[in-house]
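An overview of the molecular structure
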Amino acid sequence: MKYIFIVQGEGRGHLTQAITLSRLLRGRGHTLIKVMVGKSPQRKIPAFFESEINASVEYFESMNFMPSAENRRPSMLKTVMFNSMEMHRFFPSMQKLRDVIRTSDADVVVNFYELMAGMSYFFYGIDVPMVCIGHQYLFLHKDFRLSRRQFPGLGALNLFSRLTSLKSVRRLALSFRSMAVDGRLSIVPVPPLLRPEVLALKPEKGEYIHGYLLNYGFAQDVMEWHREHPDVELRFFWDNWDAGKVTKVDDNLTFYLIDDKEFLRQMSRCMAYATTA
């Protein structure tokens, strides 16, 4: 079968999941004929993606996640409201996706949580079946429980998840535990998509805390914690491209520009992991 991937470029997890699935499909004799990646001014697509996906990659303008104060977490409510009002700006992207899919001879489109894919299927009635993949679809499962008091943005997040998967035939929800299929929304829980490089790691017990900051505004929190615990070594990865490849604050605090191989190497040797993602 012939596949097209549509990938949200905002999240590094979506990119690495696409790499993993591309290898699984090729190993079973299928073909990945095109990869469409949604990009925004706030994020750069890491160089390792194009080299490892091993397929033709094309980019299109996609929505922006609206950050909360100080560039910390994204505000899902602000994101949905802002991009709904700005949707007219994205019609060229939706038309581009429509045209690529209709002229590609693809059998299946796999969407890694990209909003423009869901909207393209909704507005243009594309007849090539679309399968959506993401851990966020698990929050829509009838047996999943998460208190809105614990996560007040859950309603907005679930609305966004529904919009990304409009007209899809399956929502594959990445899950660490086995759960039944939820037929109401065609939600099929599946195991996480892990690259072989992850499974091949040989962990060693280190003495530092390893971490990842999706929004580098959290670096201030890391530095404040570091001032209170100066003897604990911290090695954090971030997307702060202006800071350079390595930012060494002192002997026990270093920030690294996101790099897939170095990230995995350091993860395999840490004593603990902390992340905002």
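Residues numbered from 1 in each chain as written. Predicted model: local features only at pLDDT ≥ 70, side-chain atom pairs only at ≥ 80, totals over all residues. Heavy atoms only, no water.

We now examine the pattern of salt bridges. Enumeration according to the criterion identifies 13 salt bridges in this entry. We note a salt bridge from Arg235 to Glu233, for which the minimum N-O separation is 2.8 Å. By relative accessible area, which is 21% here, Glu233 ends up partly exposed. One network of salt bridges, in which partners are shared, links Arg23, Glu52, Arg195, Glu197, Asp260 and Lys261. (Salt bridge = Lys/Arg side-chain N within 4 Å of Asp/Glu carboxyl O. Buried < 20%, exposed > 50% of the residue type's maximum accessible area, 1.4 Å probe, protein only.)

As a further point, take helix 1 (residues 12-27). Here helix 1 spans 23 Å end to end across 16 residues, near enough to the 22 Å set by a 1.5 Å rise per residue. Those residues of helix 1 not exposed but buried are Arg12, His14, Leu15, Thr16, Gln17, Ala18, Ile19, Thr20, Leu21, Ser22 and Leu25. Backbone geometry just after helix 1 places Gly29 at a positive phi near 85°. (Helix = DSSP H or I, 4+ residues; strand = E, 2+ residues; numbered from the N terminus. Expected span 1.5 Å × (residues − 1).)

Ordered by their spatial adjacency, 7 strands build an open sheet running 3-2-1-4-5-6-7, and the pairing between neighbours is parallel. Single-partner strands in this sheet number two, and they are strand 3 (57-61) and strand 7 (187-190). Put simply, the sheet's adjacent strands are angled 25° from each other on average, direction ignored. Inspection of the sheet shows strand 6 (residues 170-174) paired to strand 7 by 4 bridges, in the parallel sense. What sits directly across from Leu172, in strand 7, is Val188. In this fold helix 4 (residues 91-102) packs onto strand 1 (2-8), strand 2 (31-39), strand 3 and strand 4 (108-112), with an angle of close to 150° to the strand it touches most, strand 3. (Pairing = 2+ DSSP bridges. Axes fitted to C-alpha atoms, helices over the stretch in contact; angles between N-to-C directions. Contact = heavy atoms within 4.5 Å.)

With the rule as written, the count across this model stands at 11 aromatic pairs. With a centroid separation of 5.2 Å and an interplanar angle of 65°, the aromatic rings of Phe5 and Phe112 are classed as edge-to-face. One end of the pair, Phe5, is in strand 1; the other, Phe112, is in strand 4, and 107 residues separate them in sequence. Exposure remark for Phe5: the relative accessible area of 0% places this residue in the buried category. Of the residues examined, Phe112 reaches a relative accessible area of 0% and is grouped as buried. Seen in terms of ring centroids, Phe122 and Phe123 are 5.2 Å apart; in terms of plane orientation they differ by 80°. Their pairing is edge-to-face. (Phe/Tyr/Trp six-rings, centres within 6.5 Å; stacked < 30°, edge-to-face > 60°.)

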